[in-house]
Every structure is written in C-alpha cells, then in structure tokens.
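Report on the structure
Letter by letter, the chains look like this.
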Amino acid sequence: MNFSDTELRELLPLVALGMATPQELRAVTAALEVDAALRMEYAAVQRALNGVPQSLTPPPALKARLLEAIRHSEAASLEARAPSQHAPRATPTPPARARGVPRRALWGGLAAAGVIALALIALLPRAVSVVGASVVATTGDGGLIVGNNGASATNAVLIRPNRSRTAVALSARLKCSFTDAASSDGLSYLLDAGNERLFIIDEPSGRLIDAWPVPAGAASVAVQGDTVVVKGAISGTLVVFDKTGAGEKTMLETRIAPRKDMPMPEVMDQAVIADNLIFATHHVTGEVSVLDQATGRELRRFANLGKPVALARVGTALLVLDYAGRLLELDPQSDTMQREVALIGNPDRLSIMGDLAFLSDRAGFVTAVRVDTLEVLGRTRVNGVPMDISPMPGDHLAVAISKGGVVVLDRNLKTLETIN
Amino acid sequence: MTLAVPSAVPLVRAIRMPVMPARVEYTALSDVALMSRLEVLDEGAFAEIYDRYAGLLYGVALRVCSSSLKAEEIVQDTMMKLWHNPRGYDVSRGALSTFLLTLTRNASIDALRRGRNHLTSSLTDDEGEALPIPSADSGPLERAELEAVSQRVRSALLGLSDAHRRTVELAYFRGASREEIALEMAVPVGTVKSRLKYALDKLRATLGEWAGDV
C-alpha cells in the first residue's frame, strides 16, 4: 500500500510512539531514508516526545550499583584478552582485573597473582606470534603494524625492526574484520569494519589510545598530518577527521553514493590524500570522487571506471585499480584517461614504491608494474592469500597473508623473509 | 571514463569530538564523544552519561511502571545495555537522549504489557534496540537544554484539551494501541490518530517558537 505525503506525516507520531503497524512502519522508514524534510519533521516529533516525561532523581545507590556492575562485567571479560587501556595516554589506569580481584583470603590473592603472571607471560614478545595477517602498514620506526581478523588477544601486533613483537589489546567487542592499516607520526591506525571502529595505537608503547566510530563498511584509512580520512564502502560516505588541537577533532561526513549493503569480503575501496584533495573510489558505482580536504565538499567525480577498488597519486597522475583487471592512469588536470593496462586476475590492492606499483590479488599473486610506462614487470605467487601490501624501508614490500603471517619481498618479487 | 561535476553535495554531518585529551573533563564532552569513549571501556564517560540522563530515564520508567523498584531495574538494564553494546547507538540516527528514552520507555511498557498480546509493532527489534529510523537531529542535546525542552513541553501539554492530553499520555506512558485508546475514550480510531497529530503539532510548535526566541 502506498501512502501519500500527508498520510506519511500523520504517521510520524504513531511511529515515534511505537503505535504504527508493521506496514506503516515500513513505509515511514523507507520514506525517511530518502526524504530529508520528513527526517527533520520526525526529529522534531521525537524532540517533542522527549520532553513529555518528567525528570526525577533516581535513588543515589543506583549509580554506585551500576558502576560496580560494569567493573565486574569488565573484569570477567578480561579473561579472554590482555589487560586493556581504559584511559587516554596521559592518564593510564590499572587494568580492571586488579580492581576485580577479591582480597578475602591469601589463596584468593595468590590465585589472582598467578592469573596475572600468566597473562604477563603470554604478552612477552617471544610468545606473540603473527598467525594471520589481514592488513599491514609500515610503522615510523621501520617495523610493521599487523591486524589479524577474528577474536583473539593478538588481533593487533606491532613487529619491531628487530622482529620482536608487542601485542596490542584492542578491547574490541566483536570479531575484528580489518580492512586497512596506516601509520603516521608515531601512531598506528587499524580500521576494523567488523566493530566499525578506527583503532589508534601509540607505536612506542604499543597501547591503544583511542577508538573512533567509523561509517559502515569502513574500507580505507588515509592519514596526513592532522587529517584522517575513512571511506565507508557500505555507507557510501567519506569521513574526514581533523585534529584541531586543544584535545578536539572535527568530524565531517560527506555522502558520495547511496548506502548499499554488501558482504564483508566485498568491502573494498580506497581513499588517498594529496595536494589538499581527497581522492576516493566507490567500486559499487564505478566512480572516483575528488573532494576538498578542508571542507569535505565534493568537487568532481570520474565515472565508468569499472569497479575501482584502489588508487594512488603518482606525480600529477592518478592510478586507479579496476577490480575487473585493469590499471588506469587518469589525469585530473585535463580530466582524461591517459593510459590503461590489462592485468591478469583480480588484484584489489595497490601500493607505490618509488618507480614501481605493486598489486596484490587474493588468488595468491603479487604483480609489479612500472609506474611511468604501466609495463607489467613481473608476477609472483605467494603461499597463501595476500590481503594487503605495504612498502617497507630498503625497497622491500610487506605482504599480509591471511593465516600465513607477513611475507617480505624485494622489489624483484623475491621472498626475503616470512614473519609468523 | 566520463567526468561529472556534482551539482549539490549533501554534507551528512559535521560534529566536533574529543581526541586524545591529556586530561578528560567529562562534563565538557559531547554525547558523541562520551559514546566513543565507551568503546575503550571508559568508566568516567559512562558515569557522565548516567548523570546526564538517569533522571529522565527514571522519570519515564517510574511513570509507566508506578514502581520505584521496577523503575530502578529498568534504568539499570538500559544503562548496562549501553555499556555492553555502545555501537548499538548510531549518532547519525538521532540524539543519545532519544535512543536511551526509547529503550527505557519500551522496556517499561513491555513490563507493563507482560502477558498481553498487542497488534501494534514495538519500537524494539529482536535484540531490544531501537529500529534504524534515521533522524536529522544528530546533535547532542545538552542536559540543561533537555530540561528546558521538557519544561516547555510539559507546560504545553497542560495547555492542551483534556482529550488531547489524555490521548498523548495513554500512548506515551501506557503504550496503548490506537484501538485501546479509542475504546477507552469511546471515539473512533481515526480520531485517536488525528488527536495525536494535533497534539504533537502543538508541542512541536511550542518548541519551534522557543527555539526562535533563543
């Protein structure tokens, strides 16, 4: 049944009050998705209804009881993970387990001490293995930050240049589904589409210092100075976080395409920051958007690019990777496509290292392409499923392998090392 | 390849939120910032959210259930739900106050309805969370503003006719369906719908005039 505009407006109070029939609710929900004026009207109805109940002071004991309850639940959940960081970097607090340990008897204390000791032993560098790697980025000290999908105490591991490891406690509530990683100014960024969070890790200490909410299907993170950009493949939006000093940041979200649900393996897109511009792929619509970094305003967009899932700025040109197996070179100055090269397979990651572009394909291949000519120089098979690539110092390339750690290749695609 | 220049770019939201502060002044943080801190299990942020909204939640639960014990239980359950699943709240879909009030009111009405069958849809889904109904009102509502809105709305409620006020109260605090209200007030179902629309329009208009004054 179709509802007229007037009927939809009459239904708003009923929906807000939970009195609508399922059919009416569906109609209003669908209309709200597309009608901004109706959304404003609905918000006004909600706002008026919020004022209906009178605020009353709850019994003082309720707050104390609640805080005690969350401490207990927190201590229980720590059984399965390393001690977490609850407070910002400058004001660390002890793990909740310490608060939750009963002090009733000596044996209880000894048992608690034993548990803590076991937890600490588990965190010793030698004990941390990189079983799988879903995303990888090179850190400021030349090491790596690795994100591993799933739920474990070692979802995030910092690998130091001497190959010692530090497990990072993420306090993730759901299974992690990492889609991208980045590093800048001593901070590592792990993008988790499963928890819809961008985890920010202090590289020297290996501590989680913040977790920012990100849009649905967060597929890519780019960092430059105080600006952090996240592309949402499902949400069809691009979020620009800007640290403004004084402990604050602004968060600007721009819609560049309609929302579209998709399974997690299809959450692929990339955003890069260059020359005060943000370039972002949206593979669902086959477009690349160009946005102003300061305002988040979309300036223009390139269309009919197949399924663009990755891009890179090389000089004044823009390299765009089409998942269908094409590497395109666009010239944003003249708005033209300069060149195009066909690729074997379906590479989904693109990374630039000097004069070479590296592409990885989940079918098990890494390809090297000359940036100036787009000539394919070589292709190698790696053992496992390559999920992500990152250039390393010394012209090396880190390849994150699902369930296989990190493989380090040289610029000739020769395997130098496997870190697992 | 073609080039398109977008004629209008809708900015979905632009908000300010805290980032890595050296010392956390929770009272100065927005609701969004507090919610993001719940992700890292920040107890201080949780306590601040409680201070902001517990009175309102307790007020609605007590009015619906008429039992201080039950009201306490419902507020505690709502707040624990927030602690365990902060991502259940989506900032783009409404203010935190709306989200919490919806959870509390639904839980209170469910407690009231227990044992009875209702034909109307509930605002809770299977997991007991609010349905994803988007709202343009994504900004945090400060406590003082919320209290001012509440005062304004309640005085506007008193200005309504008995029939209109009773209709709103039956719907809001009892969770009564259109049919139930129609039966109780001995009017056609269509009248219930139009009375609710009229009453809400009046309440909204009051808030609109007030916002214009500020």
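Conventions used here
Residues numbered from 1 in each chain as written. Chains lettered and ligands numbered in written order. Predicted model: local features only at pLDDT ≥ 70, side-chain atom pairs only at ≥ 80, totals over all residues. Heavy atoms only, no water. Helix = DSSP H or I, 4+ residues; strand = E, 2+ residues; numbered from the N terminus. Buried < 20%, exposed > 50% of the residue type's maximum accessible area, 1.4 Å probe, protein only. Contact = heavy atoms within 4.5 Å. Areas by Shrake-Rupley, 256 points an atom, 1.4 Å probe, with all protein chains shown as cover. Expected span 1.5 Å × (residues − 1). Arc of directions from axis to C-beta. Pairing = 2+ DSSP bridges. Axes fitted to C-alpha atoms, helices over the stretch in contact; angles between N-to-C directions. Core = buried A, V, L, I, M, F, W, Y, C linked by side-chain atoms within 4.5 Å. Phe/Tyr/Trp six-rings, centres within 6.5 Å; stacked < 30°, edge-to-face > 60°. Lys NZ or Arg CZ within 6 Å of the ring centre and 35° of its normal. Salt bridge = Lys/Arg side-chain N within 4 Å of Asp/Glu carboxyl O. Polar contact = N/O pair within 3.5 Å; in protein donor to acceptor, adjacent residues only side chain to side chain. pLDDT = per-residue confidence, 0-100.

**Notes on the overall build of chain B**
Within chain B, the secondary structure is distributed over eight helices and two strands. Each helix and strand of chain B, placed in order from N terminus to C terminus, yields the pattern β-β-α-α-α-α-α-α-α-α. Buried residues in chain B amount to 54% of all 214 residues. A fraction of 60% describes how many contacts in chain B between residues 6 or more apart in sequence connect residues 24 or more apart. Accessible area of chain B: about 9,200 Å², with a carbon and sulfur share of 50%.

**Some points on helix α2 (residues 22-34) of chain A**
Residue and element names in this part refer to chain A. The terminal C-alpha atoms of α2, which comprises 13 residues, lie 19 Å apart, in line with the 18 Å expected from a rise of 1.5 Å per residue. Those residues of α2 that fall on the buried side of the exposure criterion are E24, L25, A27, V28, A31 and L32. Each buried residue of α2 lies within a common arc of 165° when the element is viewed along its axis, so the set occupies one face. Turned more than 90 degrees off the buried face of α2, the exposed positions are R26 and V34.

**Digging into the pairing of strand β15 (residues 287-292) of chain A**
Residue and element names in this part refer to chain A. The buried fraction of β15 amounts to five of the six residues, a majority that puts the element mostly inside the structure. As paired strands, strand β14 (residues 277-282) and β15 are joined by six bridges and run antiparallel to one another. What sits directly across from L277, in β15, is D292. Between β14 and β15, which pair antiparallel one after the other, the connecting turn spans four residues, and G286 there sits at a positive phi close to 70°.

**Here we look at the sheet that holds strand β7 (residues 197-202) of chain A**
Residues and elements named next belong to chain A. With respect to topology, four strands assemble into an open sheet ordered β5-β6-β7-β8, the strand pairing being antiparallel. One side of each edge strand has no neighbouring strand; the edge strands of this open sheet are β5 (178-184) and β8 (207-213). Neighbour to neighbour, the strand axes of the sheet diverge by 20° on average, direction disregarded. As judged from the six bridges shared by strand β6 (residues 187-192) and β7, these two strands associate in the antiparallel manner. For L187, the partnering residue across the bridge sits in β7 and is D202.

**Concerning the environment of B:V64**
All names here are of chain B. Its location among the elements puts V64 in helix α2 (residues 43-65). Remark: the alpha-carbon pair of V64 and R174, spanning 110 residues in sequence, is separated by 6.1 Å. Apart from residues no more than four positions distant in its own chain, V64 is found in contact with S108, I109, L112 and F173.

**Remarks on the nonpolar core**
Residues and elements named next belong to chain B. Ranked by size, the top nonpolar core spans 83 residues in total, and within it I49 and L96 carry the most contacts. Broken down by element, this core gets its largest block of residues, 14 residues, from α2. Excluding its chain neighbours within four sequence positions, the residues that come into contact with L96 are D31, M35, I49, Y53, L82 and Y89.

**A few points about unusual backbone geometry**
One non-glycine residue, A:K403, adopts positive backbone phi at about 60°. Mapped onto the secondary structure, A:K403 falls in the loop between β26 (396-402) and β27 (405-409). A positive phi angle, near 55°, is found at B:S66, a position not held by glycine. Its location among the elements puts B:S66 in the loop between α2 and α3 (68-84).

**Digging into the sheet that holds β26(A)**
All names here are of chain A. What the four strands build is an open sheet, ordered β25-β26-β27-β28; its pairing is antiparallel. In the strand order of this sheet, the two ends are held by β25 (385-392) and β28 (415-419), each with one partner. Within the sheet, the average angular offset between the axes of one strand and its neighbour, ignoring direction, is 25°. Two elements, β25 and β26, share seven bridges in a ladder whose sense is antiparallel. Bridge pairing in β26 links P386 to I401.

**Brief notes about the environment of B:K197**
Here B:K197 shows up in helix α8 (residues 189-213). Residues contacting B:K197, with those up to four places away along its chain left out, are A:R9, A:E10 and A:P13.

**Focus on the environment of A:F178**
Mapping A:F178 onto the fold places it in strand β5. A C-alpha to C-alpha distance of 9.8 Å links A:F178 and A:M264, two positions 86 residues apart in sequence.

**Some thoughts on the packing of aromatic side chains**
Under the counting rule described, the total for this entry stands at four aromatic pairs over all chains. With 4.7 Å between their ring centres and 50° between their planes, A:W212 and A:F241 make a pair best called tilted. Of this pair, A:W212 sits in strand β8 while A:F241 sits in strand β11 (residues 237-245); the two residues are 29 residues apart in sequence, bridging distant segments of the chain. Each member of the pair, A:W212 as well as A:F241, carries the same accessibility label: buried. The cationic tip of A:R379 hangs over the ring face of A:F365; the distance from NZ or CZ to the ring centre is 3.7 Å. Just above the ring of B:Y172 sits the side chain of B:R105; from NZ or CZ to the centre is 4.8 Å.

**What to know about the pattern of salt bridges**
Following the criterion strictly, the structure yields 32 salt bridges over all chains and no others. The closest approach of N and O atoms between B:E73 and B:K70, which form a salt bridge, is 3.1 Å. Linking B:E73 with B:K70, this pair stays in helix α3, spanning three residues, or about one helical turn. In this structure B:E73 comes out as partly exposed when scored by relative accessible area, which is 42%. Put simply, A:D5, A:R9, A:E41, B:K197, B:D201 and B:R204 are held in one network by salt bridges that share partners.

**Some points on the side chain of A:R301**
All names here are of chain A. In this structure, R301 sits in strand β16 (residues 298-303). Within the local environment of R301, its side chain forms a polar contact with the side chain of E287, the two groups lying 3.0 Å apart. Only 2.8 Å separates the side chain of R301 from the side chain of E298, close enough to count as a polar contact.

**Here's the deal with the confidence of the model for chain B**
Fine structural detail should not be taken from predicted coordinates in areas where pLDDT scores are low. All names here are of chain B. Summing up the model confidence of chain B, the mean pLDDT is 76 and the portion of residues at 70 or higher is 71%. Of the regions scoring below 50 in pLDDT, residues 115-141 engages in 76 contacts with residues more than four places distant in sequence or in other chains. In the predicted structure, residues 210-214 sits below a pLDDT of 50 and forms six contacts with residues beyond four places in sequence or in another chain.

**Let's talk about helix α7 (residues 178-185) of chain B**
All names here are of chain B. If you check which residues of α7 are buried, you get R178, I181, A182 and M185. Angularly, the buried residues of α7 cover 100° about the axis, an arc narrow enough to put them on a single face. Where α7 terminates, the next one or two residues include A186, which has phi positive at roughly 55°.

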